[in-house]
Amino acid sequence: MSAGNVTWLLIILTVILANIPWFYGRFLLFTRPERKTVWMCLLEWLLLYILAGFLALGVEKKMQGETHAQDWEFYAVTFFLFVVFAFPGFIYRGFRG
């Protein structure tokens, strides 16, 4: 698989991961609370952001053989990109109530 295809696959997977807490009724994909609060969604969303980061590091290591050191700016940009990716799910959750 080419690097371009892997990149697009990683982006699509990240969009899906960013929206899981807002569409899925279970907390941390296992337990079903009586009502899933916004704080639960945000905690789950943050954990999925970290999972997506480790997945991207693994893909980088597999494709290039090493990972490049990043400064704080890189992580700030990826965090806010994950926020943008989660926007459809957040709006859906807000309208659904």
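Quick note: structure is the one above.
Keep in mind it's a predicted model, so treat the numbers as computed, not measured. The residue count restarts for each chain, going from 1 along the sequence in the order it is written. Only residues with pLDDT of 70 or above have their local features reported here, since the model is predicted, and side-chain atom pairs are shown and tallied only from 80 upward, although totals for entire chains, interfaces and linings are computed over all residues. Note: side-chain values were computed over all heavy atoms of the structure, leaving out hydrogens and water.

Enquirer: Can you explain the layout of surface pockets? Please cite residues and give values.
Expert: Using a 1 Å grid laid over the protein atoms alone, points where a 1.4 Å probe fits but cannot get out form a cavity; open sets with protein on both sides within 12 Å along at least 5 of 7 lines form a pocket; any residue with an atom within 4 Å of a point counts as lining. Grid points are joined across faces, edges and corners, and a volume is the space filled by probe spheres set on the points. By volume, the largest pocket amounts to about 730 Å³. Lining the largest pocket are 25 residues, with L10, A52, A56, F74 and T78 positioned closest to its centre. Only runs of H or I of at least four residues qualify as helices and only runs of E of at least two qualify as strands under DSSP, and these elements are numbered from the N terminus. The element that contributes the greatest number of residues to the lining of the largest pocket is helix α2 (residues 38-64), accounting for eleven residues.

Enquirer: Please set out the side chain of R93 residue by residue, giving values where relevant.
Expert: Secondary-structure assignment places R93 in helix α4 (residues 87-96). Between two residues, a contact is recorded if the distance between any of their heavy atoms is within 4.5 Å. Apart from the residues within four sequence positions on either side, R93 is in contact with W22, R35, K36, T37, V38 and C41.

Enquirer: Provide a residue-level description of the nonpolar core, including the pertinent values.
Expert: What makes a nonpolar core is a set of buried Ala, Val, Leu, Ile, Met, Phe, Trp, Tyr and Cys residues whose side-chain atoms join them at distances within 4.5 Å. Relative accessibility decides the category of a residue: with a 1.4 Å probe and only protein chains considered, values under 20% of the type maximum give buried, values over 50% give exposed, and everything between is partly exposed. In terms of nonpolar packing, the biggest core is built from eleven residues, these being L17, A18, W22, C41, W45, L48, Y49, A52, F82, F85 and A86. Within the residue set of this core, elements represented by two or more residues are α1 (3-23), α2 and α3 (72-85). Here the element with the most residues in this core is α2; it accounts for five residues. Once residues lying within four places of it in the same chain are set aside, the contact partners of A52 are T14, L17 and F82.

Enquirer: I'd like a description of the packing of aromatic side chains, backed by residues and values.
Expert: Working definition: rings of Phe, Tyr and Trp (its six-membered ring) pair if their centres are within 6.5 Å, and the pair is stacked with planes under 30 degrees apart, edge-to-face with planes over 60 apart, and tilted otherwise. Under the defined criterion, the tally for this structure stands at eight aromatic pairs. On the basis of an interplanar angle of 35 degrees and a centroid distance of 4.7 Å, the ring pair of F23 and Y92 is categorised as tilted. With F23 in helix α1 and Y92 in helix α4, this residue pair connects regions lying 69 residues apart in the sequence. Take F23: its relative accessible area is 43%, and that puts it in the partly exposed class.

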